[in-house]
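# Topology and contacts: notes
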Amino acid sequence: MPLHDIRALFSRNYAEARQKFRSAAALRGLPAESFVLPLAGAVGETLATDVVFDGPRDAHNLVILISGVHGVEGYCGSAIQTGVLGLGPVPAPDTAVLHIHAVNPYGFSHSRRATHENIDLNRNFVDFSAPLPVNGPYAEIHDLLLPPAWPPSDENEARLAALRAQWGVRAFQRACGLGQYAFDDGLHYGGQAPAWSNTTFRQILRKYAQQCRHIGSVDVHTGLGPYGVGERIFACPDETVALARARRWWGNDITSVSTGTSTSIPMTGPIQHGQLEECPQAEQTNVCLEFGTHPVSVVLSAMRAEHWLHRHGSADTRHAAAIRQAFKDAFYPQSDDWQAAIWAQGREVFLQTVSGLQKPRRD
Ligand SMILES: [Zn+2]
């Protein structure tokens, strides 16, 4: 695809991304169903999760492409969905694609990772009728991560650095990112009830994903790993049979959070849990496609600043705007090389998923 066509897949804001996705569907004669979130967008636009089903409604094989679980990370997945629609009809028999665009439209529009409930949606798919997971180490660092003033003092940074050294980098990352259910103004808050996006995602699957027998899903994220590299992170609970299948589909370099081969860490309540619960009839092979943007230190600092703003607020509008812009930049590098790399890998993973679903099953 020529560079100017790749550029055209990427957007400057949520409203533009939504319009591009819906236009690509309309060009193919495919209707889009909107699940509207009754809140205003950043510039007053409608907020919605848009769904396009491409292919026979009774197809046994279903690719599910998911964007915007983490709001601001949605630019990348949205571009891939729009590009995939532009590739034309699904290139395999008995196979359809379910595009779920902007699962967290509030975060996408307002440049947040979290939902309007300050929930990290990928920590929200837990059983709320059972005791919620406890993340003790997070409780120790909550106030240090989001101190009263921003930028943080030297003393604050020194205390966090000391804890990182004491616990180890991986354990520190786990404390921050595993998910926590005790601080509703904190980082990676999983909530006390299903978020609007959780309920909506399940509603979409109940409507569109009950006919299929095999699901291959790709959930697109950004912010972890080397710049422009799409890490394929295995996203099923079954570590044996499904992992072997995932390797056959997406390659041997597929990583796993549970074995520690991923730059990511295990998390409580990822969105694939909802998929497993709502589509028990289907064999599932799921991957997170995580595109690197900037070094971890830059991304974590941007996340702390943005959450600090959410927690404490700022009377200084320029300070607040600078924090929001830095946050968006941390998850969405708007450069040609990055965007070309994203499209090339997104397209490849999509086509691998389609052909994987055609492979004879050995299990
Ligand atoms: Zn993410």
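Thresholds, definitions, all that
- Residues numbered from 1 in each chain as written.
- Predicted model: local features only at pLDDT ≥ 70, side-chain atom pairs only at ≥ 80, totals over all residues.
- Helix = DSSP H or I, 4+ residues; strand = E, 2+ residues; numbered from the N terminus.
- Rg over C-alpha atoms; globule rule 2.2 N^0.38 Å.
- Buried ≥ 20, exposed ≤ 12 C-beta atoms within 10 Å, placed from the backbone.
- Pairing = 2+ DSSP bridges.
- Axes fitted to C-alpha atoms, helices over the stretch in contact; angles between N-to-C directions.
- Expected span 1.5 Å × (residues − 1).
- Domains from an automatic or database assignment.
- Contact = placed C-beta atoms within 7 Å.
- Nonpolar A, V, L, I, M, F, W, Y, C, P; charged D, E, K, R; others polar.
- Core = buried A, V, L, I, M, F, W, Y, C linked by C-beta atoms within 7 Å.
- Right-handed = clockwise from strand over helix to strand, strands pointing away.
- Left-handed = near helix turned anticlockwise from the far one by under 90°.

Summing up its helical and strand segments, the chain has 13 helices and 7 strands in all. A compact globule built from 363 residues should have a C-alpha radius of gyration of about 21 Å, and the chain, at 20 Å, falls within 12% of that. Along the longest, intermediate and shortest principal axes, the C-alpha atoms of the chain span 60 × 45 × 40 Å. For the chain, the proportion of its 363 residues judged to be buried stands at 48%.

Another aspect to go through is the sheet that holds strand E6 (residues 230–234). Two orientations exist for strands paired in a sheet by backbone hydrogen bonds: parallel and antiparallel. In space, the 7 strands of this open sheet follow the order E1-E2-E4-E3-E5-E7-E6, with mixed pairing throughout. Edge positions in the open sheet fall to strand E1 (32–40) and E6, since each of these has one partner strand only. Recorded for the sheet is a direction-independent mean angle of 20° between the axes of neighbouring strands. Sheet analysis places strand E5 (residues 214–227) next to strand E7 (residues 283–292), joined by 10 bridges and oriented parallel. When the bridges of E7 are listed, Gly216 appears paired with Thr285.

The next thing to look at is helix H6 (residues 154–167). Here H6 contains 14 residues, and its C-alpha end-to-end distance of 20 Å stays within 8% of the 20 Å for a straight helix at 1.5 Å per residue. In terms of burial, H6 is largely open, as just 0 of its 14 residues are buried.

Here the chain is described as being made up of domain 1 (3–128 + 193–293 + 332–358) and domain 2 (136–177 + 299–325). If you average the C-alpha positions of domain 1 and of domain 2, the two centres end up 28 Å apart. Taken residue by residue, the interface counts 7 residues in domain 1 and 7 residues in domain 2. Residue composition of the side of domain 1 that touches domain 2, by class: 2 nonpolar, 4 polar and 1 charged.

The next thing to look at is the environment of Trp308. Looking at where Trp308 falls in the secondary structure, it is placed in helix H11 (residues 296–312). Once residues within four sequence positions are removed from consideration, Trp308 is found in contact with Leu146 and Trp150.

Turning our attention to the nonpolar core. Across soluble globular proteins, nonpolar side chains show a tendency to be buried alongside one another. Membership of the largest hydrophobic core comes to 87 residues, with the highest contact counts inside it found for Leu62, Ile64, Leu65, Leu98, Ala209 and Val287. With 6 residues, helix H3 (residues 74–86) is the single largest residue contributor to this core. No fewer than three residues from each of domain 1 (3–128 + 193–293 + 332–358) and domain 2 (136–177 + 299–325) sit in this core. Discounting residues that sit within four places of it in the chain, Val287 has contacts with Val218, Arg232, Ile233, Phe234, Ala235, Ala246, Trp250 and Ile254.

A separate point is the pairing of strand E4 (residues 95–101). Counted residue by residue, E4 has 7 buried out of 7 residues, so it is predominantly covered. Burial of the side chains of E4 extends over both faces: Thr95, Val97, His99 and His101 are buried on one face and Ala96, Leu98 and Ile100 on the other. Sheet topology places strand E2 (residues 46–54) next to E4; 5 bridges connect them, and they run antiparallel. Across the sheet, the residue bridging to Phe53 is Leu98, located in E4. Strand direction decides the pairing type here: strand E3 (residues 61–66) and E4, joined by 6 bridges, are parallel. From the neighbouring strand, Asn61 faces E4, where its bridge partner is Thr95. Following the backbone out of E3, through H3 and into the adjacent parallel E4, one traces a crossover that is right-handed.

So, on to helix H13 (residues 336–358). Here H13 spans 34 Å end to end across 23 residues, near enough to the 33 Å set by a 1.5 Å rise per residue. Of the positions making up H13, those classed as buried are Gln339, Ile342, Trp343, Gly346, Val349, Phe350, Thr353, Gly356 and Leu357.

Within the fold, His310 resides in helix H11. The partly exposed category is assigned to His310, around which 16 C-beta atoms lie within 10 Å. Excluding anything up to four places from it in sequence, His310 contacts Asn118 and Asp185.

The next thing to look at is the packing of H6 against helix H7 (residues 169–177). In contact at an axis separation of 6 Å, H6 and H7 are set at 115° when each is read in the N-to-C sense. For the pair H6 and H7, the crossing hand works out as right-handed. Facing H6, whose interface residues are Leu163, Arg164 and Trp167, H7 presents Val169, Ala171, Phe172 and Ala175. Of the residues in the contact of H6 with H7, the class split is 6 nonpolar, no polar and 1 charged.

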